[in-house]
Structure formats: C-alpha cells, structure tokens
Amino acid sequence: MRKFVVWPSELDARLSRRYGRAVGREFAVDRPKIHEIADAALALGMKVIELDEEKLNPRLAGLDDEYRLRGMLRIESRHPKGKSLRMLGQKIREIRKTQAKSQGKKKRKSGKKKR
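Residues numbered from 1 in each chain as written. Predicted model: local features only at pLDDT ≥ 70, side-chain atom pairs only at ≥ 80, totals over all residues. Heavy atoms only, no water.

Engineer: Please set out the nonpolar core residue by residue, giving values where relevant.
Structural biologist: Within the largest apolar cluster, 19 residues are counted, with the highest numbers of intra-cluster contacts made by Val6, Leu11, Ile37, Leu73, Ile75 and Leu88. The leading source of residues in this core is helix 1 (residues 34-43), at five residues. Leaving out residues up to four positions away in the same chain, Ile75 has contacts with Arg2, Lys3, Phe4, Val6, Ala41, Met46, Lys47, Ile49 and Leu88. (Core = buried A, V, L, I, M, F, W, Y, C linked by side-chain atoms within 4.5 Å. Buried < 20%, exposed > 50% of the residue type's maximum accessible area, 1.4 Å probe, protein only. Helix = DSSP H or I, 4+ residues; strand = E, 2+ residues; numbered from the N terminus. Contact = heavy atoms within 4.5 Å.)

Written as structure tokens, this is what we have:
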C-alpha cells in the first residue's frame, strides 16, 4: 500500500498546474472541500490516515486568499498518487451530482403543495 499527501489544491479546477493542480481539468472539481475528499477516499476503499483542516499547501503562498484552500489528507491507497487523485476527482463529482439530484427532488415536492 502506498501512502501520500493529498492537498485540496491538487484537485481544484480553478488553479493551473503551475499552482498545484495535479490532475487534468476533466478530473478536477471546483473548490473541493477536505471532507468531500475524505468521504470520496473512504468510498473508494482508501484509508485516511491523517486529516488536518488547518494546514496550507506551501505552493499557495503567492495566491490570493480566494484560491487558498486549507487542509491536508494523508491517504493510504493501493494505486499510485496520480491515479488515486483522478479517482477521487471522479468520485467527488459523482457525490455532488447525487446530492444535487436529491436536493432538486426535495425542492420540486415542496413546490407542489396546494393551499
């Protein structure tokens, strides 16, 4: 099993590769939260060894506060880091899509009430 650190900036679609994005745009997500990454990792069978919400990626020191995402995960996976990051990005998109669908259904039901 391989252990590595995952920073939210490595999955952030708003950043360029120069500032730390480690996956292609098709796998990146907009503003990934540290708990979304942890949930996706657990859903994919990866083990979260350490989660620190306050750490800041050193590569983000020159960026505006808007683009700085705090947090760091130490993950254990059977896949290499690059493949694991792509899998995490896809899983976060799936989770967000299912959450949006479930919230959309709730909104439509509440709008159908007659008075």
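Engineer: Any chance you could break down the pattern of salt bridges for me, citing the residues and the numbers?
Structural biologist: Scanning the model with the defined rule gives six salt bridges in all. Of the charged contacts, one joins Lys81 and Glu10 as a salt bridge, the two residues approaching to 2.9 Å between their closest N and O atoms. Taken together, the residues Lys81 in helix 2 (residues 81-111) and Glu10 in the loop between strand 1 (2-6) and helix 1 connect sequence positions 71 residues apart. Its relative accessible area of 29% is what places Lys81 among the partly exposed residues. (Salt bridge = Lys/Arg side-chain N within 4 Å of Asp/Glu carboxyl O.)

Engineer: If you had to explain the sheet that holds strand 1 to someone new, which residues and values would you point to?
Structural biologist: The strand order 1-3-2 describes an open sheet built from three strands, whose pairing is antiparallel. The open sheet terminates on both sides in strands that have one partner only, identified here as strand 1 and strand 2 (47-56). Going from strand to strand, the sheet's axes swing by 15° on average, the running direction of each strand aside. Most of the contacts of helix 1 go to strand 2, to which it runs at about 170°, and overall it touches strand 1, strand 2 and strand 3 (70-77). (Pairing = 2+ DSSP bridges. Axes fitted to C-alpha atoms, helices over the stretch in contact; angles between N-to-C directions.)

Interpretation note: all reported values are geometric properties and have no functional meaning in isolation.
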